[in-house]
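# Summary of structural features
One-letter residues, chain by chain:
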Amino acid sequence: MMNRDECLQALSTHYSDQVVVPAYQAAFEWMVICPSDLTYLTTGAMGQASSHALGLAIARPDKDVWVLDGDGSL
């Protein structure tokens, strides 16, 4: 089984210029692993990362949007 840090490390190898919407602890780890101005932080918005990501994807259909959410937000 991979832990969160290993998953984020693996995902970062595929990152180019996507908008990334990480939630809670993943947000802090993602900012260290793959810092980018295209990271949209949603700390303090439990359960809202997917909604924010959907809004960003609708507003910017030219950009890929990744949401990094966890089971605590479901």
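Residues numbered from 1 in each chain as written. Predicted model: local features only at pLDDT ≥ 70, side-chain atom pairs only at ≥ 80, totals over all residues. Heavy atoms only, no water.

## Some thoughts on the packing of helix 1 (residues 4–12) against helix 2 (residues 25–33)
Packing of helix 1 against helix 2 brings their axes to within 10 Å, and their N-to-C directions diverge by 45°. In terms of axis orientation, helix 1 runs oblique to helix 2. Seen from above, helix 1 lies across helix 2 with right-handed handedness. Of helix 2, the residues touching helix 1 (which contributes Arg4, Asp5, Leu8, Gln9, Leu11 and Ser12) are Gln25, Ala26, Glu29, Trp30 and Ile33. (Axes fitted to C-alpha atoms, helices over the stretch in contact; angles between N-to-C directions. Helix = DSSP H or I, 4+ residues; strand = E, 2+ residues; numbered from the N terminus. Parallel < 35°, antiparallel > 145°, perpendicular 65-115°, else oblique. Left-handed = near helix turned anticlockwise from the far one by under 90°. Contact = heavy atoms within 4.5 Å.)

## Points about the nonpolar core
Core analysis: the largest hydrophobic core is formed by nine residues, namely Leu8, Tyr15, Val20, Ala26, Trp30, Ile33, Cys34, Trp66 and Leu68. For this core, the elements supplying multiple residues, two or more each, are helix 2 and strand 2 (65–68). Ranked by residue count, the leading element in this core is helix 2, at three residues. The residues touching Trp30, leaving out its near neighbours within four places in the chain, are Leu8, Leu11, Ser12, Tyr15, Val20, Pro22, Pro35, Thr39, Trp66 and Leu68. Within the second largest apolar cluster, five residues are counted, among which are Val19, Val21, Ala23 and Ala53. (Core = buried A, V, L, I, M, F, W, Y, C linked by side-chain atoms within 4.5 Å. Buried < 20%, exposed > 50% of the residue type's maximum accessible area, 1.4 Å probe, protein only.)

## Thoughts on the packing of aromatic side chains
Tallied over the full model, the rule gives three aromatic pairs. Geometrically, the ring pair formed by Trp30 and Trp66 is edge-to-face, given 6.3 Å between the ring centres and 65° between the ring planes. Placement of Trp30 in helix 2 and of Trp66 in strand 2 is noted, with a sequence separation of 36 residues between them. As far as the burial class goes, Trp30 and Trp66 line up, both buried. Taken together, Tyr15, Trp30 and Trp66 form an aromatic cluster joined through their ring pairs. (Phe/Tyr/Trp six-rings, centres within 6.5 Å; stacked < 30°, edge-to-face > 60°.)

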